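# Examination of the molecular architecture
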Amino acid sequence: MASIPVVQSSSDFRDAFFKRGGENAAKCYQCATCSSVCELAPADAPFPRRQILMAQWGLEDQLMADPGPWLCHQCNDCSVRCPREVNPGDMMAAVRAMAIESLSVPRFMGRLTGNIRASWPALIFLPIIFWVVLLGATTGFHTPENMLPLSLDGRFHYEELVPHALIYIVYTSVTLWVVAAMWFSGRRFWKMIGTGQERQGSFWGALTGAVFDISTHKKFSSCDRGVPKRRWGHFLVMWGFIGAAVTSGILVVYLYKEYPPFSWIPIGDAAYPLPLDHWVKWLGNISAVALVIGGVLLFVNRLKKGDKLVGQTTAFDRFFLMTVLGVIGTGVLTEGFRFVTIPVELAFGVYILHLGAVLTLFMTVPYSKFAHIFYRTTALVLAESFGRKKGVPPA
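Now for a description of the structure that goes with this document. (Residues numbered from 1 in each chain as written. Predicted model: local features only at pLDDT ≥ 70, side-chain atom pairs only at ≥ 80, totals over all residues. Heavy atoms only, no water.)

### Structural notes on the overall build of the protein
Within the protein, the secondary structure is distributed over 16 helices and 0 strands. Residue burial in the protein is summarised as follows: out of 395 residues, 46% are buried. Sequence separation of 24 or more characterises 76% of the internal contacts of the protein that already satisfy a separation of 6 or more. Approximately 19,900 Å² of the protein is accessible, and the part contributed by carbon and sulfur atoms is 65%. (Helix = DSSP H or I, 4+ residues; strand = E, 2+ residues; numbered from the N terminus. Buried < 20%, exposed > 50% of the residue type's maximum accessible area, 1.4 Å probe, protein only. Contact = heavy atoms within 4.5 Å. Areas by Shrake-Rupley, 256 points an atom, 1.4 Å probe, with all protein chains shown as cover.)

### Some words on empty space enclosed by the protein
Counting across every chain of the model gives 2 cavities of 30 Å³ or more. For the largest cavity, the calculated volume is near 110 Å³. Taken together, 14 residues line the largest cavity, and the ones lying closest to its centre are Cys38, Phe47, Cys72, Cys75 and Cys78. Tallied by class, residues from the lining of the largest cavity come to 10 nonpolar, 3 polar and 1 charged. Considering only enclosed or pocket space, the second largest cavity measures out at about 80 Å³ in volume. In the lining of the second largest cavity, the residues fall into 10 nonpolar, 1 polar and 1 charged. (1 Å grid on protein atoms, 1.4 Å probe; cavity = no way out; pocket = protein on both sides within 12 Å on 5 of 7 lines; lining within 4 Å. Points joined across faces, edges and corners; volume = space filled by probe spheres on them. Nonpolar A, V, L, I, M, F, W, Y, C, P; charged D, E, K, R; others polar.)

### Structural notes on the packing of aromatic side chains
The description of an aromatic ring pair uses the distance of the two centres, along with the angle that the planes make with each other. A full pass over the atoms with the stated rule returns 17 aromatic pairs. Here the aromatic rings of Trp120 and Phe125 are separated by 6.2 Å at their centres, their planes lie at 50°, and the arrangement is tilted. Residue Trp120 is classed as partly exposed on the basis of its relative accessible area, which comes to 42%. Consider the rings of Phe320 and Phe370, whose centres lie 5.5 Å apart with planes at 85°: the pair is edge-to-face. One end of the pair, Phe320, is in helix α14 (residues 315–336); the other, Phe370, is in the loop between α15 (344–363) and α16 (372–385), with 50 residues separating them in the sequence. Phe320 sits in the buried class, given a relative accessible area of 19%. Note on Phe370: relative accessible area 22%, which makes it partly exposed. Joined through ring pairs, the aromatic side chains of Phe130, Trp131, Tyr171 and Phe362 make up one cluster. Against the face of Phe316 rests Arg20, its NZ or CZ located 6.0 Å from the ring centre. (Phe/Tyr/Trp six-rings, centres within 6.5 Å; stacked < 30°, edge-to-face > 60°. Lys NZ or Arg CZ within 6 Å of the ring centre and 35° of its normal.)

### So, helix α13 (residues 279–302)
In this model, α13 (24 residues) spans 35 Å end to end at C-alpha, consistent with the 34 Å of a helix rising 1.5 Å per residue. If you check which residues of α13 are buried, you get Val280, Lys281, Gly284, Ser287, Ala290, Leu291, Gly294, Gly295, Leu298, Asn301 and Arg302. (Expected span 1.5 Å × (residues − 1).)

### Concerning the layout of surface pockets
Counted as a void, the second largest pocket has a volume near 530 Å³. Contributing to the lining of the second largest pocket are 28 residues, with Ala16, Lys19, Arg20, Met98 and Gly114 lying nearest its centre. Among the elements of the structure, α1 (11–22), α7 (88–103), α8 (107–114), α9 (116–138) and α14 are those that each provide at least two residues to the lining of the second largest pocket. Ranked by the residues each element gives to the lining of the second largest pocket, the list is headed by α7, at 8 residues. Residue composition of the lining of the second largest pocket, by class: 9 nonpolar, 8 polar and 11 charged.

### Description of the environment of Phe13
Tracing the backbone shows Phe13 in helix α1. Setting aside chain neighbours within four positions, we find Phe13 in contact with Gly58, Glu60, Leu63, Met64 and Met98.

### What about the packing of α7 against α16?
For any two helices packed against each other, one specifies the crossing angle of their axes together with the interaxial distance. The N-to-C vectors of α7 and α16 enclose an angle of 95°; their axes lie 11 Å apart at closest approach. It follows from the interaxial angle that α7 and α16 lie roughly perpendicular. Each of Arg96, Ile100 and Leu103 in α7 lies in contact with α16, whose residues at this interface are His372, Tyr375 and Arg376. In the contact of α7 with α16, the residues fall into 3 nonpolar, 1 polar and 2 charged. (Axes fitted to C-alpha atoms, helices over the stretch in contact; angles between N-to-C directions. Parallel < 35°, antiparallel > 145°, perpendicular 65-115°, else oblique.)

### Quick word on unusual backbone geometry
In the segment running from Phe47 into Pro48, the intervening peptide bond is cis, with an omega of 10°. With respect to the helices and strands, the residue Pro48 is situated in the loop between α2 (33–37) and α3 (49–57). The residue Ala32 is not glycine, and still its phi comes out positive at about 70°. Positive phi values are uncommon outside glycine, yet His217 reaches one of about 55°. Note that His217 resides in the loop between α11 (203–216) and α12 (227–255). Accessibility expressed as a relative area gives 10% for His217, which makes it buried.

### With respect to α16
Over its 14 residues, α16 extends 19 Å from the first C-alpha to the last, a length consistent with the 20 Å expected when each residue adds 1.5 Å. Counting buried positions along α16 gives 11 out of 14 residues, so the element sits mostly inside the fold. Among the residues of α16, those classed as buried are His372, Tyr375, Arg376, Thr377, Thr378, Ala379, Leu380, Val381, Leu382, Ala383 and Ser385.

### Description of the environment of Ala118
Considering the arrangement of structural elements, one finds Ala118 in helix α9. Residues Ala118 and Ala315, 197 residues apart in the sequence, show an inter-C-alpha distance of 9.5 Å.

See below:
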């Protein structure tokens, strides 16, 4: 006699899903309009109809192990056409948020960020307090007594308040934390969505294709009406952060160019701090412009309540956007204040706010929407490995 499959459903998961922005899933009657109009859904595993059904039934394990929500870019073409106003794009966003929390290592950080409506003061203010206490204990908030004349070098340098050594110790430690957390979470995710699947082709080939898709935001071009509202804001913010990170790395080389291994790199005669017209400063400032424009686009889009192409703005979305805007805004002011005549105490105060905002951003990378870049890359790699391309079912 054939065995009867057992389906493990969870009413607790279903209730939690509804509270996290998925309450409209109860209205879905599985007409499959959403899956039919989605240009990104693979032919052999269309979404989001299937994921909404799993959520209705409380099938947590199956839903968490499904790559579909990560292949969705939430262009919201499905939400515009849904006859029941279920807003399937928002349902997929809720699944991703719950998956991040479920996969988080350590779990308490995922819960803390997932419950951001209540926990946001701790995540915002504790990093700022940390920097205030650290600087008070180490430098005593020493500020320069004599300002330099206005020039392309700036009136002062923030190292006089915050030694570079402190920044390296703090952010290197946090970066190692983030890498370890993403490694363990990523391994769990890889095993979950790859269970029972026959992989084919080259891993590196699939990874190259996934990185190209993400770096160009190519998938958005397959969307219909939701493209301009989502693609370019995300694109500019992503490349702005990449440019800022590259700039920071190059500045470290200039700062320690007299010591191995940096002394082996031919970077010319310029020395840190670099003047404003140096090409590295140009790279940093262009990256800042990209961040500002991208951040403003994302913020303006989120102001349009009721626009189905934008989607619902949850507390999880709002925290991530406000953190990014906080980093961008304080970063631009921090740089600009070096070149205008204002009290140095004000400039240093904004710099401390900037360090706190960056620390919040770094610490929550594995637990906020920033984690999308890791999970989506993994899902795209496995989708390529399984042969799931639009219109091409696996052999």
